[in-house]
Amino acid sequence: MSDATVGEGPVGEGPVGDGTRAVRAGLPEPVKHEPTLPGPVFAAHFHLPGEVTGPYSYGRDDNPTWTLLENAIGELEAPGRPDVETLVFASGMAAISAVLFSQLRAGDAVVLPSDGYQALPLVRAQLEAYGVEVRTAPTGGDAQLEVLEGARLLWLESPSNPGLDVCDIRRLAVAAHAQGTLVAVDNTVATPLGQRPLALGADFAVASGTKQLTGHGDVLLGYVAGRDAGAMAAVRRWRKIVGAIPGPMEAWLAHRSIATLQLRVDRQNATALAVAEALRQRPEITGLRHPGLPDDPAHTIASRQMRRYGCVVSFTLPTRARAERFLAALRLVEDATSFGGVRSTAERRGRWGGDAVPEGFVRMSVGAEDPEDLVADILRALDESAR
């Protein structure tokens, strides 16, 4: 696994650790008697006499609270890169939609992962209704290369959700750029502390901040970070047109939460690996996936491009009924969707539809509980569900 803690950036001269960066990301210059992180700015409009100048004019266009959060995320996704712009959105799907619908036109082709987030089929239907050709291929084995020719945009999801496959982002980006194709990477599962798609050659890093970035299950948020000014101008214009903006309170809560990102990520990722190691000993478990496992099919590529392996573990129990009994028996793991929160969650993913997974497939998001307690609870629930 590549270096997990050190990078270059504006926090100070020389190497900066991820904890230092997360704690200080996006903070304004200190002003005597002012708070370190200013409170949320609730404003639909701003004083604007005369000509329209300056950064803030109307609440759908910009907000000082967004600016601080966007600066913070930008420092995490692309430290030391002032040319990278970050825009925040009302949700992860708002961010995903902004890239796809701002960059694609009728007659264009886009390549999506066939095993990506379960809302992508809905996106596909809408793109096709607008005259965009949609091609799909699995994440694993860099299979999207096979359908890339002539595409306007390549959309990657690595690790994929919920199957946790990984693709070689750098390899795919090189191939895409050789034919003029833009590359976007959904970085939700990895977070900026686990992977930096822009450094691997992507044009856009996109994520749901609802998940581990904010980590408390109380904020809906999304963001897009990009290194091409023209492409990001189109993303910004899309946000303005559709009004897919976060509230100032949500933006402030997200910024506050980022301060603990490194602490949460390191605890959750280490515990996720411990959970995966425990599950691999159970004969009723099949299809166990976590990129940190040495024998996981994605481990080699993940170790080259990821700095941390993530907090999600997926596996399959023999039947739907067994999976449901297992989930009901858990005491420290909530039966809920989403992932990345400090409280562990799990769900039988097939209940939603849209994912090509077995009926007994479980996606588990490992939280910040004590590893020994969580592993014991999971093993006990497996035992009880077998009866």
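Every residue gets a number counted from 1 within its own chain, in the order that chain's sequence is written. For a predicted model such as this one, the threshold for reporting local features is a pLDDT of at least 70, and the threshold for listing and counting side-chain atom pairs is 80 or more; totals across whole chains, interfaces and linings nevertheless cover every residue. As a rule here, side-chain values come from all non-hydrogen atoms in the structure, and water together with hydrogens is ignored.

Below, the discussion takes up helix α8 (residues 261-279). Working definition: helices are DSSP H or I runs of at least four residues, strands are E runs of at least two. Numbering for both runs from the N terminus. Residue count minus one, scaled by 1.5 Å, sets the expected span of a helix. Look at α8: 26 Å from first C-alpha to last across 19 residues, which is about the 27 Å you get at 1.5 Å a residue. Exposure is judged per residue with a 1.4 Å probe applied to protein chains only, and the accessible area is read against the type maximum: over 50% gives exposed, under 20% gives buried, and values in between give partly exposed. Those residues of α8 that sit buried are L261, Q262, R264, V265, Q268, N269, T271, A272, V275, A276, A278 and L279.

Three or four residues apart is the spacing at which side chains of an α-helix point the same way, because the helix has 3.6 residues per turn. With 14 residues, helix α6 (residues 229-242) should cover 20 Å at 1.5 Å per step; its first-to-last C-alpha distance of 20 Å lies within 8% of that length. The secondary structure elements touched by the buried residues of α6 are α2 (64-77), β3 (85-89), α3 (92-103), β8 (204-208) and β9 (222-226). Contacts described as polar in this section are N or O atom pairs within 3.5 Å, which, within protein, must combine one atom able to donate a hydrogen with one able to accept it, while residues neighboring in sequence count only if both atoms come from side chains. For α6, the N-terminal cap is D228; the gap from its side-chain oxygen to the backbone nitrogen of G230 is 3.2 Å. Trailing α6 by a residue or two, G243 shows a phi angle of about 70 degrees, which is positive. Whether two residues touch is decided by their heavy atoms; if any such pair falls within 4.5 Å, the residues are in contact.

Each axis is a line fitted through C-alpha atoms, and for a helix only the stretch in contact is used; angles between axes span 0 to 180 degrees, taken between their N-to-C directions. The contact between α3 and α6 brings their axes to 9 Å, and the two run at 115 degrees. The pairing of α3 with α6 is recorded here as roughly perpendicular in orientation. Crossing geometry of α3 relative to α6 is assigned as right-handed. Two secondary-structure elements touch here, α3 through S97, A98, V99, F101, S102 and Q103 and α6 through A231, A234, V235 and W238. Angles below 35 degrees are treated as roughly parallel, those above 145 as roughly antiparallel, those between 65 and 115 as roughly perpendicular, and all remaining angles as oblique. Helix crossings are classified by the rotation of the near helix relative to the far one: an anticlockwise turn of less than a right angle makes the crossing left-handed, while a clockwise turn makes it right-handed.

Attention now goes to the sheet that holds strand β12 (residues 334-335). Any two strands are treated as partners once DSSP identifies two or more bridges connecting them. Across the sheet, five strands lie side by side as β10-β11-β14-β13-β12; this open sheet has mixed pairing. Across the chains shown, the open sheet's two edge strands, defined by having one partner strand only, are β10 (286-289) and β12. Relative to strand β11 (residues 312-316), β10 is paired through two bridges, and the arrangement is antiparallel. What sits directly across from T286, in β11, is T316. Of the strands in this sheet, β10, β11 and β14 (361-365) are in contact with α8, which crosses β11 at around 20 degrees. Its contacts with the sheet put helix α10 (residues 320-329) on β11, β12, β13 (345-348) and β14, and the angle it makes with β13 is roughly 160 degrees.

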